[in-house]
Amino acid sequence: MKDMTTGGPAPSAEDMKLIKKFLEDTTLFLGPDPEIMQNHDLMPRSADEEHAIANVPDTHTIAKIRDRLQAGCDEGYEMVEQMGAAPGAKWGDVITGIYSASGDLAIASAGGVLLFSSVVHHPIKFIVKNWMNEPTVGVRDGDGFIHNDSRYGNVHNTDQSMILPIFHEGRLVCWVASTVHEGENGAIEPGGMPSMAESPSDEGLKMSPFKVVENYQIKRDLLTFLQNSVREPKLQLEDMKVKLFACLRIKQRIEETLKTDGADALISTLRLTMEDVRAEVKRRVSEWPDMSVRTYIIQDSTLRENCVVKVNCTLTKKGDQLTFDFRGSSPEFTNRATNTILGGLKGMLSQLFLCYIWPDLPRGQAAMAPIEVITDPHSILNCSYDAPNSQSLMSIFTGFTAGQHAVAKFLYSCPEKFTKVHAPAFNMINTFIWGGVSQHGETLGNLCADLNGMGAGATSNRDGEHALAPIFATMADIGEQEVNEEDVPFLQLVSKKMTRDAIAPGKYRGGQGYTMMVATKDSEQWGFMTTAQGAKIPPIQGLFGGYACGTYPLSKVQGVDVYDVMLNEPEKFRHSIEEIMNEQPFEGARYTTHHMGMGFDISKRGELYMISQGAGAGYGDLLERDPVGVVKDIEEGLMSAEVAARLYKVVFDPATLAIDFEATEKARADERKARIARSVPYAEFVKGWNQPKPPAHLPYFGCWGDDVETLYMGSPDKTRRGDEPKPNYMVHPKDVRIAELEARLAAAGVPGDEKQ
Amino acid sequence: MKRVSVDIGGTFTDCFVVWGGRYIETKALTTHHNLAMGFNEALGKACKVLDLELEDILQQVDSVRYATTLGTNALIEHKGPKIGMLVTAGYEATVPLSRARGYGEGLDDMGKQDLPNAQRPDPLVEAHMIRGIRERLDFEGKLVMGLDEEDVRRQLRELVDRGAQIIVVALVNSVVNPAHEQRIEEIVLEEYPSHLLGAIPVILSHQVAGRKGEYVRATSAIVDGYLHSTMYHALSALEQNLRVHNYEKPMLVIHNSGGMAQLNSTDALQTIHSGPVSGIGASEHLSLQAELGNVVATDMGGTSYDIGIVVEGGIKHYDFNPVIDRWLVSVPMVHLVTLGAGGGSVAAYDRMYKTVKCGPESAGSDPGPACYDRGGMKPTVTDADLLLGYLDAENYAGGSIPLNPRRAKAAVEDALCDDLDVSVIEAAKLIREKVDANMANGLFTELRARGYDPKDFTMLAYGGNGPLHCCGIAQNLAIDKILAPPLSSVFSAVGAGNMHQLHIHEKSLYMVLYDSNTRRIFSDYERFNGIVAELKERGRQDLLRQGVPAEQIQHNLELDMRYGNQLVQTTAVIPIHELNSPSDVLQVINQFSTDYGKRFGEGSQAPEAGIRINTIRVSSYRQHETVQFQNIKPLPKPERSAPPAPSGHRTCHFVGHDEAFETPVWARKDLDPGVEIAGPAIVASEVTTFLVNPGWTLVAAKQGATWFLRNEAPVTKH
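Each value, and the rule that gives it
- Residues numbered from 1 in each chain as written.
- Chains lettered and ligands numbered in written order.
- Predicted model: local features only at pLDDT ≥ 70, side-chain atom pairs only at ≥ 80, totals over all residues.
- Core = buried A, V, L, I, M, F, W, Y, C linked by C-beta atoms within 7 Å.
- Buried ≥ 20, exposed ≤ 12 C-beta atoms within 10 Å, placed from the backbone.
- Domains from an automatic or database assignment.
- UniProt positions renumbered as here; feature names shortened; annotations may be inferred.
- Helix = DSSP H or I, 4+ residues; strand = E, 2+ residues; numbered from the N terminus.
- Pairing = 2+ DSSP bridges.
- Axes fitted to C-alpha atoms, helices over the stretch in contact; angles between N-to-C directions.
- Contact = placed C-beta atoms within 7 Å.
- Nonpolar A, V, L, I, M, F, W, Y, C, P; charged D, E, K, R; others polar.
- Parallel < 35°, antiparallel > 145°, perpendicular 65-115°, else oblique.
- Right-handed = clockwise from strand over helix to strand, strands pointing away.

**Q** What should I look at first to understand the nonpolar core in this one?
**A** Side chains of nonpolar character tend, in soluble globular proteins, to be buried together. In this structure, Ile98, Cys174, Leu266 and Val518 of chain A are the most contacted members of the largest nonpolar core, which totals 243 residues. Membership of the second largest hydrophobic core comes to 183 residues, among which are Ala46, Met300, Leu416 and Val490 of chain B.

Rendered as C-alpha cells:
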C-alpha cells in the first residue's frame, strides 16, 4: 500500500510502530475516529461477555431479564417524551437505550426515531476508547457525558445525547443513554439545521463527547457555557435535565436486575440479545432471492441553488449477505450542507428495516449490523470531516428512498413477508422552520411538527394513507395548532387541507399531502425557513408502474398584510395555494415561487408563506385503478376532475360524478393501444435516449450511465474518480446573481467603474 | 341504605342491590334490543332473594345508578348517524389526518410500528361531509376573520342535502371564545327550526371539551355526536322503564370521570368506559374502608388485563386525552390501562430468542383456547393453566365450558415442544411464566411512570383470570398482599353504587406563574380567581339543576402545570382555591414542584425555565352515602382457623419448582371467613379459580373477599 502521508514506499513494521507512537504522543486533538465511525457492526465479544455467557446461557432467563430492561427503556422514553421541552421530544424524535460495556446498543426504546439505533453507539465507543484511561477525564460512577457533533456519531448536530456509565462493584457493566432531537444549537440559522452553512464552523455547537455530569449533577459552569452558545438557553437546561433523569430511571431498573440476577446475567442478556437479532437478520436475508437491483433518486437542489444530484444505489443479495452499494452517488459539496456522514445513511437504512421490512424486530443496533454499505469516500453519502452536514437529511432521506425502492423488488419475490410490499413514502421535511422573538418576548427557534405528515406509499392492495408518518419514526404527531399558537407569533391560516392535484397516481395512489399557509402576526422579529428538495424533481420513485409524487415549490406573497385583508376585506382571502397564486387576489402584492431551500427569511406581519406536504408514491398501472376510487378522490378534494379524467381515463359526469363504466373501459382500451403506438423497440429507444455525458446546461453531480467510477461535478467537463476525492465548491448564490447582473450591465454597455 | 346499581356490559347485566344490611349480587344476559329487559331480569332475581316485588324495591331505594359499556360497543360496531361537520376553513383535513399518529391509536405496539400495514380506522365522519367555514380566532380568542354567515348557511344546506343527521361544529380556539360556534348553532336553528321536520341536533365542540387542541376536541364532539342518539334512546328507555315500575327519583348515570349525574346532565362521551371506571371506583372505596393504602386494581379476563391506580391522599389519576376505541379524545377520564394479556393470549415459539412469546395475539372466545374444543389450534394461557393442573376440566366457568386437555396438550406440543426441546409441562410453565412476567412488566411500568413503587401497593385481582394469575404476577414484583375483592362478580356494579355526583369543568389558558425572562412572579390574582369562580359556578349550577342542595356542594381545584415549553402537564391538586399574595403563588409553585419531583425524580424540576398553568380544572361534587362493606381485613394469624377437608386433590406444576405438587382443592363457598390455607392450593368458585402458589397463603374474609399473603419478605425482581 502506498503511504498517503509521505508518498514514499510503505515503512517496515518496526518503523510503523515508532511512527504510531510518535503520532499518539503528538495528537493535536482527538477528532472523529474512522475506526469507530465507519463500523456499524457489533464489537467482538469481550472476555467479560464470554465469561458472562458461560455463566448465564439460559435463553428463558435472558428473555425475562430482557423484557424487564425493555420496559425500563420504554419508561425512560416516555419520561423524555413527557418532560422534554424540544418539539422533537414531543413527537418521539428520541431514543433511550442500554449499551454494552463496549458501547453497542443492545436494547432500545420501542417507539420513536429508530434511525438512531445505528448511530448512537459511536460516541460511547469514543468515550470507551479515549476517556476511560485518560487521567484528565476518566469514567466514574455518577459521571455523565454529553455529545452532539454528528462527526462523532448521531445523525446531525441538533441531536444531543446524555450518556451515563453503569458500574457494578467497581466494574463497568453497561451504559445508558438518552438522545433527543433538540432543534436549536446556536448555528448560523435558528433551529439547528442551517442550510446556509458553508462549513462546519457555521453549524453551531460541536460537542465531541465530554463529561458534563459528576455525581449525577450537571456541572453549572459547563451548562452555562452551553446555554450561552445557543438561542434557547431554557431548552438547553430543561432537556439536559430531562435526559439525565431518564437515564437515571433506566439505571434504577438495571440496578434492580443486578441485585436480583447479578452482573453476568445482565451482560449475557445484552450480548446474546444482539447476537440473536443479528443471526435472525442473516437468516431472513438468506431467504431473499439472489439478485441485484439498481435504482437512483435525484435531489434537485443543494438548498442554495437548483441542480441535479444523483443518489445511486445497487442492492445485491447473495447467500446471507446483503450489500447496499451507493458508489456513483454525487461527490460531497465542500461548501453546502446537504452532505451526510456515513453513519447517518446507515441509520436511515436501519430505519428502513425496522419500520418497513421487519417491523417485528426489536430495536437496537444489531438489526443493521450484518448489512454491508459501500460508498465512495468524500461523497454526498459519506462526507469528510471538513464538509458541512447540517442538512444531511436531504441525503440520508433520498438514500433511504433508494433503498426502499430497491428492497420492494426483493420483498415482492420473497415468500415470507413481515409486512406489505409498498411503494416509497414521501421523504422530505416539508415544514416551516421558524425562529425569533415570540409574542411573549421569548427567543425561540424550532420547527412545525408538520414534517411528521409525510404521505405513505401505496401498497400491493390499497392506497397509501395520507400524511401518515415521517419516514424516520412511527406514531409521530403533527400536533395541535391551538396549542402551538400559544407559544409562537404566527398563525397557520391553512393548517390541514388536502393539496389538490399534488398526487402520486397508480392502480393504488400514494397517500397525499396537505397545505400549510403561515403568516407572522404578533412579532417584529420573526422569520421562517424551509429545507426540502423536490420543488422541481420528485424525490421519490413510483413502484411497478405507479408514479412518483408531484413537485412542491414554496410560494410567497409579500407586500400585503393578510390579517388586514381577513379582518376588513375577508372576501378576498383564499384558503388554497392554487387560488391565491392563480387569482392573485391582493392588489399590489408580490407573488413568487421558489425552491424549497429558503434560507432564514425575516417575515413581515401578514406576509404569506405557503407549502405543501408531499405524497407517497403510487403502485401499479393507473389504468387498473378502480374508477370508483378515482371519483372518491375528486369528491374528497384530492384531485380535480380534469386531472382525474386525463390521467386515469375515467369518464364521468362532472356535475354528478356519476361514472360511465362502459365509456371508461373504452377510453382505457384506447389508451392502451395508444401506448403501444407510442412505443419503440428497446434498442431504438436506447439509441435515441442515451447520451454519453450529462447535458451542459444542467449542473449535474454523480455518475452518468453505467460508469459508476466517474463522478461528474456540475458540468460535463468536470469529473473526479469515485475513490479520489476532490474539492467541490459551489459559488455563493449572491455572487452568481451579481455576476448575472454585471453581465447584463456589461451587455448594456455600462462601464465597469459605474458598477460601484 | 337501599340502593340499586347496575353495570350493563356487552354480555352480562350485573346488578347489585343494597337492602339495609343485605347485599344481593345478581346477573342476567344483556338484552341489546331493549336494555330494560336485562335490567328487569337481573333485578327480578334480587327481588326473589328479598321476596319483594320490583315496584316495592324501586319505590324504596334512594337511587338507581347505571354504568354501561353500551357506547363503546356502538363505536366498535360503527353504529351511528351520518354526521356533517363544520370546521374553520383551512382545517378541513384535521380530523381525517388524525394528527398523523391516529392510525395507531388503540393498537398494540406491533400495529403502531408496522407502517406499510398502517391504516386509519373507518371514519365516523366521511371526508366529504367536513366543510370549512370562513372564520378565524387567535389563541386569545381575538377576531382574525369574522364569521361568514352566508358561507355557513350554504355549507350547512349542502351537508343536509347530503344526508347529515347531526351537525358537529369544531372551530379553532372556540374554547377561549365560543362566539362563532354559538352563532352557528343559532343559524342551524334558524335554518332548521326545532319545531319543524328535519330539525337537526347540533354539537358544539367547546361544550363537549374545554381544553385546547382542535383535533382532540373535534373527535370528542364527533364521538359525542355519534353516540348521542343511541345513548339517549337506550338510557331514556331505561328511565322510562323505571317510571313504569314506580321509581320516581332521577336515574343516575355513571361517568368515566369517576362520578355520576342525572341523564339530563350527561354527555354521551362521558358514559364511555363507565363500567371499568366503576371497578376503579369500587377499588377506591374498598381501599378507604378496609384501609388498604395504595391499591393497584387489576382485571384479567380472556383477552385483556386492565390496570387502574388508586393512591392514598385522594390524588386521582386521569387521562385527559384517552383513546376510546381508535379515537383520541379530550375528556377527563379515570386512568385505565389495558394490556393485551388474558387467558386467550396465544403462545408461540420465539425463533429469534429461542424461547416462548405470549400475545398480543389472542384466540378470544371464538375459537378460544385449544382446550375449548372449538377449533382453536394455537396454545394459549388457558391451555397452559389447564395442563399445569389449575383448572377443573369438568367445571370450568361453572361447568358451562367443558375443557379438553388432549387438545391443549397437542397444541402446546405442536407449537413449542420440539423447537424448545422441552416437555409439555415445561412448555406450559414457560407460557405461564411469560404471561405473568408480561403483566408484571406492564404493571410495573405503569406505576413507575407515575413515580410509585409497586412494593407500596396492595394488588386487587378480579376478572375471570385475576385470582388465577395474581400470585405469579406479584411474584415478579415486590407486592406481598393481594386481595380478590368482595362481591367481585359484580364489582363494577358495586363501584357504581358508591359514586358521588360529580361534574368537572376546565379551562385552557396561558397563565405564567413565573416568567423566567422578566423574573416576575404572577400577580394577576383577579384573573385566576375569576376563572376558578366561573368554573365553580358552572359545576354548582350543574348540581343545583339536579336538585342538589347548595350547602352540599363541594369543589376541588386542580392545575395542569408545566416547566418551560414541556409537553407534559403535571397535575397539581391545590388546597387553596384563591390566590391573593405572592406566598399563595409560591405555595402553588411548591406544590407543583413536589408532585413533579415525586413523578420524575427529585431534582428533575426546571423552574428556571419558567412555570405555566395550562389548564384550570374544578371538580364540583356532592358526596353520597356509601355502601358499607363488612370488615374484610384478614384476621391476625393466631385467630385464623384451619380449613375443612379439601374436596379433592389435583396434580399441579408450578413455575420455579421441578417437582409436581399434589394440590388440595376447595370450593370457595366452603371456606368461612378466617380460614387460612397454605399454598400450594386451589380454591374454586363458579366464576374463577383462586390459585395459591407455593410460598403464599390464602386467607378467606367476609363477603367473599379472599386474601393472598406472601409468606416471606419478597425479593424484588424489578
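**Q** Explain the domain arrangement of chain B here, please?
**A** Often, the extent of an interface is quoted as the loss of accessible area upon association of its parts. According to the domain assignment, chain B consists of domain 1 (2-74 + 232-251), domain 2 (78-227), domain 3 (276-341 + 436-496), domain 4 (348-431), domain 5 (501-622) and domain 6 (637-710). Each of domain 1 of chain B and domain 2 of chain B has a C-alpha centre, and these two points are 35 Å apart.

**Q** Mind showing me how you'd approach the UniProt feature "domain: Hydantoinase/oxoprolinase N-terminal" (unreviewed entry) in chain B here?
**A** In the UniProt entry, the feature "domain: Hydantoinase/oxoprolinase N-terminal" (unreviewed entry) is given for residues 3-191 of chain B. Secondary structure over residues 3-191 of chain B splits into 35% helix and 25% strand, and the C-alpha atoms at its two ends are 46 Å apart.

**Q** I tried to follow the sheet that holds strand 19 (residues 601-602) of chain A on my own but got confused; where do I start?
**A** Two strands in a sheet stick together by hydrogen bonds in their backbones, pointing the same way (parallel) or opposite ways (antiparallel). All names here are of chain A. The strand order across the open sheet built from 4 strands is 13-12-16-19, with neighbouring strands paired in antiparallel fashion. Looking at which strands have only one partner, the edges of the open sheet turn out to be strand 13 (443-447) and strand 19. In this structure, strand 12 (residues 433-437) lies alongside strand 13, joined through 5 bridges in antiparallel fashion. Of the residues in strand 13, the one forming a bridge with Gly435 is Gly445.

**Q** I would appreciate a short explanation of the sheet that holds strand 32 (residues 681-684) of chain B in the present structure.
**A** Residues and elements named next belong to chain B. Read across the sheet, 4 strands follow the order 29-30-32-33 without closing on themselves; strand pairing throughout is mixed. Both outer strands of the open sheet, strand 29 (648-652) and strand 33 (689-692), are each paired with one neighbouring strand and no more. Ignoring strand direction, the axes of neighbouring strands in this sheet form an average angle of 25°. Here strand 32 runs beside strand 33; their pairing, made up of 4 bridges, is antiparallel. Among the inter-strand pairings, Ala681 is bridged to a residue of strand 33, identified as Val692.

**Q** Teacher, can you tell me more about the domain arrangement of chain A here?
**A** All names here are of chain A. Structurally, chain A comprises domain 1 (46-283), domain 2 (287-419 + 719-756) and domain 3 (432-634). Distance between the C-alpha centres of domain 2 and domain 3: 24 Å. The interface of domain 2 with domain 3 comprises 19 residues on the first partner and 15 residues on the second. Only strand 8 (291-301), helix 10 (342-357) and helix 11 (393-412) provide two or more residues apiece to the side of domain 2 that touches domain 3. The element best represented in the side of domain 2 that touches domain 3 is helix 11, accounting for 7 residues. Of the residues contributing to the side of domain 2 that touches domain 3, the split by class is 8 nonpolar, 9 polar and 2 charged.

**Q** I would appreciate a short explanation of the packing of helix 12 (residues 405-420) of chain B against helix 13 (residues 424-449) of chain B in the present structure.
**A** Two quantities define a packed helix pair, namely the angle between the helix axes and the distance between the axes. Residue and element names in this part refer to chain B. Axis separation between helix 12 and helix 13 bottoms out at 9 Å; the angle between their running directions is 90°. Of the possible angle classes, the one that applies to helix 12 and helix 13 is roughly perpendicular. Taking contact as the criterion, the partners of Lys409, Val412, Glu413, Leu416, Cys417 and Leu420 in helix 12 are, on helix 13, Val424, Ala427 and Ala428. Grouping the amino acids of the contact of helix 12 with helix 13 by side-chain chemistry returns 7 nonpolar, no polar and 2 charged.

**Q** Explain the pairing of strand 23 (residues 481-484) of chain B here, please?
**A** The two faces of a sheet get side chains in turn, since along a regular strand they alternate between them. Residues and elements named next belong to chain B. Bridge count between strand 22 (residues 457-462) and strand 23: 2 bridges; the pairing is parallel. Each residue of the ladder has a partner; that of Leu460, found in strand 23, is Leu483. With respect to chirality, the unit in which strand 22 leads through helix 14 (residues 466-475) into the neighbouring parallel strand 23 is right-handed. Judged from the 4 bridges that link them, strand 23 and strand 35 (residues 706-710) form a sheet pairing that is antiparallel. Bridge pairing in strand 35 links Ile482 to Phe708.

**Q** I would appreciate a short explanation of the interface of chain A and chain B in the present structure.
**A** Taken together, the contact between chain A and chain B spans 79 residues of the former and 74 residues of the latter. Secondary-structure elements contributing two or more residues to the side of chain A that touches chain B are helix 4 (59-83), helix 8 (233-261), helix 9 (263-286), helix 10, helix 12 (481-487), strand 14 (490-498) and helix 13 (562-568) of chain A. With 14 residues, helix 4 of chain A is the single largest residue contributor to the side of chain A that touches chain B.

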